[in-house]
Amino acid sequence: MKASRRSSWIKPGRVGLLLMGLASASAGADDSKASRIQIQGFAAQALIGTSHNNFFGDSQNDASTEFTEAGLHGAWQVRDNLRVSGQLMYRRAGETDTDGLRLDYAHVDWRFLQDTAHQTGVRIGKVKIPYGLYNETRDVPFTRPGILLPQSVYFDNSRSLVLAAPGMFVYGGGLHDWGSTEWSVGAIRPDFDSAAVEYNFLGNDLPGKLKGQHAFGARFRWDSPSDSTLALTYANAQADYAPSALDPFSAGEVDFSNLMLSVQHRLGPLTLTTEYGQPRVRLRGFGGFLPDSESPAETFYAQGEWRFAPAWELLVRHDVFYRSRKDRNGRNFEALTGLPAHSMYAHDTTLGLRWDATPSIMVRAEYHRVNGTAWLPGPDNPALLSRTREWDMWLLQAAWRF
Amino acid sequence: MNACYKSQQTIMIRRRVRLFFWPLLALLCCPLDTLAGVIAHAGVELRSLSIPSLRNIYTLRQTQWPDGQPIVVFVLPDDHPVHERFAKDTLGIYPYRLRQIWDRQSYSGMAGAPIEVRNEIEMRTRVRSTPGAIGYTSKDMAHEGIKTLKLD
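Residues numbered from 1 in each chain as written. Chains lettered and ligands numbered in written order. Predicted model: local features only at pLDDT ≥ 70, side-chain atom pairs only at ≥ 80, totals over all residues. Heavy atoms only, no water.

Digging into the pattern of salt bridges
Residues and elements named next belong to chain A.
Piece 1. One pass over the structure, following the stated rule, counts 33 salt bridges over all chains.
Piece 2. When the shortest N-O distance is used, the salt bridge between R91 and D139 registers 3.8 Å. Residue R91 is found in strand β3 (residues 82-93), and its partner D139 is found in the loop between β5 (118-128) and α4 (151-154); the two are separated by 48 residues along the sequence.
Piece 3. Between D392 and R369 there is a salt bridge whose closest N-O contact spans 2.9 Å. Taken together, the residues D392 in strand β18 (residues 390-401) and R369 in strand β17 (residues 361-372) connect sequence positions 23 residues apart.
Piece 4. Take D392: its relative accessible area is 22%, and that puts it in the partly exposed class.
Piece 5. Here the residues in one salt-bridge network are R91, D97, R102, R138, D139, D156 and R159, joined through shared partners. (Salt bridge = Lys/Arg side-chain N within 4 Å of Asp/Glu carboxyl O. Helix = DSSP H or I, 4+ residues; strand = E, 2+ residues; numbered from the N terminus. Buried < 20%, exposed > 50% of the residue type's maximum accessible area, 1.4 Å probe, protein only.)

As for the environment of G378 of chain A
Residue and element names in this part refer to chain A.
Piece 1. Position of G378 relative to the elements: it lies in the loop between β17 and β18.
Piece 2. Between the C-alpha atom of G378 and that of N200, which follows or precedes it by 178 residues, the distance is 7.4 Å.
Piece 3. Discounting chain neighbours no more than four positions away, the residues touching G378 are Y199 and R387. (Contact = heavy atoms within 4.5 Å.)

Describing the sheet that holds strand β6 (residues 146-151) of chain B
Note on sheets: strands pair through backbone hydrogen bonds, and any given pair is parallel or antiparallel.
Residues and elements named next belong to chain B.
Piece 1. If you walk across this open sheet you meet the six strands as β2-β6-β1-β5-β3-β4, and the pairing is mixed. Two strands in the sheet have a free side with no partner beyond their single neighbour: β2 (48-49) and β4 (115-116).
Piece 2. As judged from the two bridges shared by strand β3 (residues 72-75) and strand β5 (residues 133-137), these two strands associate in the parallel manner. Within β5, the position partnered with V72 by the bridge is A133.
Piece 3. The strands touched by helix α4 (residues 51-58) are β1 (37-41), β2, β3, β5 and β6; relative to β5, the strand with the most contacts, the crossing angle is about 110°. (Pairing = 2+ DSSP bridges. Axes fitted to C-alpha atoms, helices over the stretch in contact; angles between N-to-C directions.)

Quick look at α4 of chain B
Piece 1. L54, N56, I57 and Y58 of chain B are the residues of α4 of chain B that are buried.
Piece 2. Of the residues one or two after α4 of chain B, L60 of chain B is the one with positive phi, at around 65°.

Comments concerning the packing of helix α5 (residues 81-91) of chain B against helix α6 (residues 95-107) of chain B
All names here are of chain B.
Piece 1. Two elements in contact, α5 and α6, have axes whose closest approach is 9 Å; the angle formed by their N-to-C orientations is 90°. Classified by the angle between their axes, α5 and α6 sit roughly perpendicular to one another. Judged by residue contacts, H83, E84, A87, K88 and L91 of α5 engage P95, L98 and W102 from α6. (Parallel < 35°, antiparallel > 145°, perpendicular 65-115°, else oblique.)

Describing α5 of chain B
Residue and element names in this part refer to chain B.
Piece 1. Those residues of α5 not exposed but buried are V82, H83, F86, A87, T90 and L91. An end-on view of α5 places all buried positions within 135° of arc, on one side of the element.
Piece 2. One or two residues past the end of α5 sits G92, with phi positive at roughly 75°. (Arc of directions from axis to C-beta.)

Considerations on the packing of aromatic side chains
What characterises a pair of aromatic rings is the spacing of the ring centres plus the angle enclosed by the ring planes.
Residue and element names in this part refer to chain A.
Piece 1. Under the defined criterion, the tally for this structure stands at 23 aromatic pairs over all chains.
Piece 2. Pairing W312 with W355 gives two aromatic rings, centres 5.4 Å apart and planes at 15°, and the pair type is stacked. Pair noted here: W312 is in strand β15 (residues 312-322) and W355 is in strand β16 (residues 345-358), with a separation of 43 residues, a long-range link.
Piece 3. On the basis of relative accessibility, which here comes to 32%, the residue W312 falls in the partly exposed class. (Phe/Tyr/Trp six-rings, centres within 6.5 Å; stacked < 30°, edge-to-face > 60°.)

Description of the packing of α4 of chain B against α5 of chain B
Residue and element names in this part refer to chain B.
Piece 1. Packing of α4 against α5 brings their axes to within 11 Å, and their N-to-C directions diverge by 135°. The orientation of α4 relative to α5 falls into the category oblique. Facing I51, L54, R55 and Y58 of α4, the residues of α5 in contact are F86, T90 and L91.
Piece 2. Looking at the contact of α4 with α5 residue by residue, the class counts come to five nonpolar, one polar and one charged. (Nonpolar A, V, L, I, M, F, W, Y, C, P; charged D, E, K, R; others polar.)

Focus on the interface of chain B and chain A
Buried accessible area, meaning the area lost when the parts come together, often serves as the stated size of an interface.
Piece 1. If you look at the interface, chain B gives 29 residues, while chain A gives 41 residues.
Piece 2. The interface formed by chain B and chain A includes four salt bridges.
Piece 3. The partner of D227 of chain A in a salt bridge is R97 of chain B, and the shortest N-O contact between them spans 2.6 Å.
Piece 4. Remark: the boundary between chain B and chain A carries 13 residue pairs in polar contact (both at pLDDT 80 or more).
Piece 5. At the level of elements, α4 and α6 of chain B are the ones that each hand at least two residues to the side of chain B that touches chain A. (Polar contact = N/O pair within 3.5 Å; in protein donor to acceptor, adjacent residues only side chain to side chain.)

Observations concerning the layout of surface pockets
Residues and elements named next belong to chain A.
Piece 1. Roughly 1200 Å³ of internal volume is contained in the largest pocket.
Piece 2. Considering the residues around the largest pocket, the lining is formed by 45 residues, among which F201, G203, R323, F333 and M344 are closest to the centre.
Piece 3. Broken down by secondary-structure element, the contributors of at least two residues to the lining of the largest pocket are α5 (195-202), β12 (280-284), β13 (293-296) and α6 (331-337).
Piece 4. In terms of residue count, α5 provides more of the lining of the largest pocket than any other element does, five residues in total. (1 Å grid on protein atoms, 1.4 Å probe; cavity = no way out; pocket = protein on both sides within 12 Å on 5 of 7 lines; lining within 4 Å. Points joined across faces, edges and corners; volume = space filled by probe spheres on them.)

A closer look at empty space enclosed by the protein
Piece 1. Within the structure shown, the criterion is met by six cavities of 30 Å³ or more.
Piece 2. Put simply, the largest cavity is a space of about 370 Å³.
Piece 3. Lining the largest cavity are 30 residues, with R123, Y171 and E182 of chain A together with Q105 and M110 of chain B positioned closest to its centre.
Piece 4. Ranked by residues supplied to the lining of the largest cavity, first place goes to strand β6 (residues 164-176) of chain A with six residues.
Piece 5. Among the residues forming the lining of the largest cavity, the class breakdown is ten nonpolar, twelve polar and eight charged.
Piece 6. Within this model, the second largest cavity holds a volume of roughly 260 Å³.
Piece 7. Broken down by secondary-structure element, the contributors of at least two residues to the lining of the second largest cavity are β10 (253-267) and β14 (298-309) of chain A together with α6 of chain B.
Piece 8. Of the residues forming the lining of the second largest cavity, the biggest block, five residues, is contributed by α6 of chain B.
Piece 9. In terms of residue class, the lining of the second largest cavity is built from seven nonpolar, five polar and eight charged.

A closer look at the confidence of the model for chain A
Predicted coordinates in areas of low pLDDT are best not read in detail.
Piece 1. With 91% of its residues at a pLDDT of 70 or more, chain A shows a mean pLDDT of 89.
Piece 2. Considering only residues more than four positions removed or in separate chains, one finds that residues 1-31 of chain A, a stretch of pLDDT under 50, has 31 contacts. (pLDDT = per-residue confidence, 0-100.)

Details of the side chain of S152 of chain A
All names here are of chain A.
Piece 1. Note that S152 resides in helix α4.
Piece 2. The exposure class assigned to S152 is buried, which follows from its relative accessible area of 2%.
Piece 3. At a separation of 2.4 Å, a polar atom in the side chain of S152 contacts the side chain of D319.
Piece 4. Every residue in contact with S152, bar those within four places of it in the chain, is listed here: T299, F300, D319, V320, F321 and W375.

Here's what the structure looks like:
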């Protein structure tokens, strides 16, 4: 299912048509302007080990090599106010992501109002979803604060939901004495279509299919003249469940929404970051095996990055995820379902070191001490009862860019 | 600073004293860690630029010159000493932070990353030949066919 949907995006016919359309659009433009094409890319490989549980592959018994990322990014400034960008991406992340090569995003950006201090435009296509501070570049290792993003807020186990999707975003920006502002508002068709997403929202990979219906997103961002950042993100997405032939579950509905606050403050070489969100997942109409429910989750982390030398950076982070604010320790959930309480929360303390060996080569090491299994990737740990509450994880990553 | 820039703008004087007075003068009025000079394509209709404007240009937030022409931003490699000085002393932003800002904007398709040149010679050549270009060099002197922008 997933493959067929994705392939419709990278069908050669469609790409060819897009290129032809762009070529004709640029025909009237000045040569020197039409040739403004930029290509950049990266590749990264990680090694992951865990004391218990699996993260991105069989990390428990062996060092997992199943976390690989590579991207080729291109942008073409067709005209002064028209820009086309896209990224081809290869990603493997244990059993949660086995899709290999895919079109990450591709959009046309038309900036219809522009002067030295203001800009307003629209992005149409398979668009990146504005979500918190790191989401739009979450697959570029160099842009992340660590090898892994804080799993509470950026949940890798259902990342497809916030990654990129067909739709459009209207955006604007302004420059003022008190800093710069940036806003975007848009509508997309969200991508719920993966086993990992089903694990996250429905607790298991159900026999039927979860299909994204529509989603709305908005973000406002302010960057102060001293390079501190304040951002507010809102997202709401709906999906319908299409049961298979002999499905114990009926045609239910998933509604996900989140309001998130992001704050980043810079003190010289020190960067302090925190993001707090209250995602809400509502399930309706799945029948007796999956009663209607509403879980008001809570996600937040606090993080410090210290560039103590031009090429070296230290990371300290504490990341917290509660599946339900009404049941933070998961005891009610355990009493009700018999499933482990620790699947309702996760506390992750992270220590990381980054070394930029050259401007194009980066090496990182990271240690996680985790209490709870709430964001463990489901497909890597299919047996709910054999997950362990307290576990450690170490990661090594080498990344190259051009 | 200002005196230093003015002295270089008076081309007649500079030509006469270039041989041995100029280096002495430069030492006296500009400290050894002199700020990098900001250069632009000759067609750019500006004489001076405020530091906040320069910062907006180099963080890719201001993408047009006042006359509507698109700005083409040139940079030296992240670990080039002149880039380090330009970033820290002129812009007041660490080089690694600049790179983060460029990555965020370029990989999300919001703006084009600055064009990286290998050295100062290439910097001058590209700025001279690219309409709307802005760049910087270590030597605070005029180059033929390139505009030096005063910072205020």
